[in-house]
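# Observations on the three-dimensional arrangement
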Amino acid sequence: MLTAKIIRHRHKYHHYMNDDLKDVTEETFFKIVFSEPSEMDLFKEWIRKHDGEYNYNKEESKQEGTFPKVPMFHDEICWCDIMTYYLLHVAGYSFHSVIEPYKGEVYVKDKL
């Protein structure tokens, strides 16, 4: 059995002015992890095939690159949408479980 995980990393940024908290913003970044390393190569190849690029900046725990041009995604697009679409509709995985407290999902598929 092969597994794939989409993992969410939330980064909070605190903006202070004269020791007074003025603003807190949060950004969410996504990492995809495969139990079989060659699956990552296939994912990146699929992204490139659709004029995108996926890079993961390990030092800052965030994804970088450009979104692929996939016809079903038009206006608002997120890396989690791309990753989920790929796993379910391209790579043949199925949803298995949620990583609690909601930090991502686990997908599985049978080894061929």
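Preceding block: the structure.
Summarised in this report is the structure supplied together with it.

Criteria and cut-off values
Residues numbered from 1 in each chain as written. Predicted model: local features only at pLDDT ≥ 70, side-chain atom pairs only at ≥ 80, totals over all residues. Heavy atoms only, no water. Helix = DSSP H or I, 4+ residues; strand = E, 2+ residues; numbered from the N terminus. Buried < 20%, exposed > 50% of the residue type's maximum accessible area, 1.4 Å probe, protein only. Contact = heavy atoms within 4.5 Å. Salt bridge = Lys/Arg side-chain N within 4 Å of Asp/Glu carboxyl O. Polar contact = N/O pair within 3.5 Å; in protein donor to acceptor, adjacent residues only side chain to side chain. Phe/Tyr/Trp six-rings, centres within 6.5 Å; stacked < 30°, edge-to-face > 60°. Core = buried A, V, L, I, M, F, W, Y, C linked by side-chain atoms within 4.5 Å.

## Some details on the environment of Met-1
Mapped onto the elements, Met-1 comes out in the segment before β1 (2-17). Under the relative-accessibility criterion, Met-1 is labelled exposed at 59%. Separated by 40 residues in sequence, Met-1 and Asp-41 place their C-alpha atoms 18 Å apart. Residues contacting Met-1, with those up to four places away along its chain left out, are Val-108, Lys-109, Asp-110 and Lys-111.

## Here we look at the pattern of salt bridges
Evaluated as defined, the whole model comprises three salt bridges. Across the pair Glu-39 and Lys-109 runs a salt bridge, and its minimum N-O distance is 3.5 Å. A residue pair is termed long-range when its members are at least 10 positions apart, and Glu-39 in helix α1 (residues 37-49) and Lys-109 in strand β6 (residues 104-109) qualify at 70 residues. Classification of Glu-39 as buried rests on a relative accessible area of 8%. A salt bridge links Lys-62 to Glu-60; the nearest nitrogen and oxygen atoms lie 3.4 Å apart. We classify Glu-60 as partly exposed; its relative accessible area is 44%.

## Side note on the side chain of Asn-57
Among the structural elements, Asn-57 can be located in strand β3 (residues 53-57). With a relative accessible area of 14%, Asn-57 lands in the buried category. One polar contact links the side chain of Asn-57 to the main-chain amide nitrogen of Glu-60, over a distance of 3.1 Å.

## As for the packing of aromatic side chains
Tallying each qualifying case throughout the model produces nine aromatic pairs. An angle of 70 degrees between the planes, with centres 5.1 Å apart, marks the rings of Phe-43 and Tyr-86 as edge-to-face. Of this pair, Phe-43 sits in helix α1 while Tyr-86 sits in helix α2 (residues 79-90), placing them 43 residues apart in sequence. The pair Phe-43 / Tyr-86 is uniform in exposure class, with both members buried. Clustering of aromatic rings is evident, with ring pairs tying together Phe-34, Phe-43, Trp-46, Tyr-54, Phe-67, Trp-79, Tyr-85, Tyr-86 and Tyr-93.

## Thoughts on the nonpolar core
Within soluble globular proteins, side chains that are nonpolar generally end up buried alongside one another. Ile-32, Phe-34, Phe-43, Tyr-54, Met-83, Leu-87 and Tyr-93 are the most contacted members of the largest nonpolar core, which totals 21 residues. The set of elements that each furnish at least two residues to this core consists of β1, β2 (20-34), α1 and α2. Considering each element in turn, this core owes the most residues, six residues, to α2. If we skip the residues at most four places from it in the chain, Phe-43 touches Ile-32, Phe-34, Tyr-54, Met-83 and Tyr-86.

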